[in-house]
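Read off the chains here:
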Amino acid sequence: MPTTAAQCRAARALLAWSQSDLCEAAGVGRATLANFEAEKSTPYERTLRDIRAALEAAGVMFIDQNGNGPGVRLKERQG
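It should be emphasised that the depicted structure is a prediction, and the values quoted were computed from it without experimental measurement.

**Focus: helix α2 (residues 19-26)**
Buried residues of α2: Q19, L22, C23 and A26, and no others. In an axial view of α2, the angular spread of the buried residues amounts to 100°, which keeps them on one side of the axis. Looking at the packing, one finds that the buried side of α2 touches α1 (5-15), α3 (30-37) and α4 (45-57). Downstream of α2 by one or two residues, G27 has phi in the positive range, about 70°.

**Describing the nonpolar core**
Counting residues in hydrophobic clusters, the biggest one holds 18 residues, and the most contacted among them are C8, L22, L33, I51, L55 and V60. Breaking this core down by element, the ones donating at least two residues are α1, α2, α3, α4 and β1 (60-63).

**A word on the packing of aromatic side chains**
Within the structure shown, the criterion is met by zero aromatic pairs. For R52, the ring lying beneath its charged end belongs to F62, and the centroid distance is 4.2 Å.

What counts, and at which threshold
- Residues numbered from 1 in each chain as written.
- Predicted model: local features only at pLDDT ≥ 70, side-chain atom pairs only at ≥ 80, totals over all residues.
- Heavy atoms only, no water.
- Buried < 20%, exposed > 50% of the residue type's maximum accessible area, 1.4 Å probe, protein only.
- Helix = DSSP H or I, 4+ residues; strand = E, 2+ residues; numbered from the N terminus.
- Arc of directions from axis to C-beta.
- Contact = heavy atoms within 4.5 Å.
- Core = buried A, V, L, I, M, F, W, Y, C linked by side-chain atoms within 4.5 Å.
- Phe/Tyr/Trp six-rings, centres within 6.5 Å; stacked < 30°, edge-to-face > 60°.
- Lys NZ or Arg CZ within 6 Å of the ring centre and 35° of its normal.

Structure, rendered in structure tokens:
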């Protein structure tokens with residue numbers, strides 16, 4: 001399932017991350033992320049993988065299209 005711009009924005013909001021926070025965690029450029037989230041461009045596949053991996057490592061789960069559209073949620077914290 002491809003990561004959407006809306007999922008990316010929502011995931012950052014769940015984590016209370018700025019675009020700069022995500023750029024640092026994913027190793028991507030700020031303009032690349034800003035243009036993706038604004039739906040002005042689509043990054044390379046490897047860039048999308050890096051963004052998604054950084055968000056998942058921080059505790060975000062990506063939810064597939066299930067009739068109501070794709071989404072995100074936070075993993076239950078263990079401990």
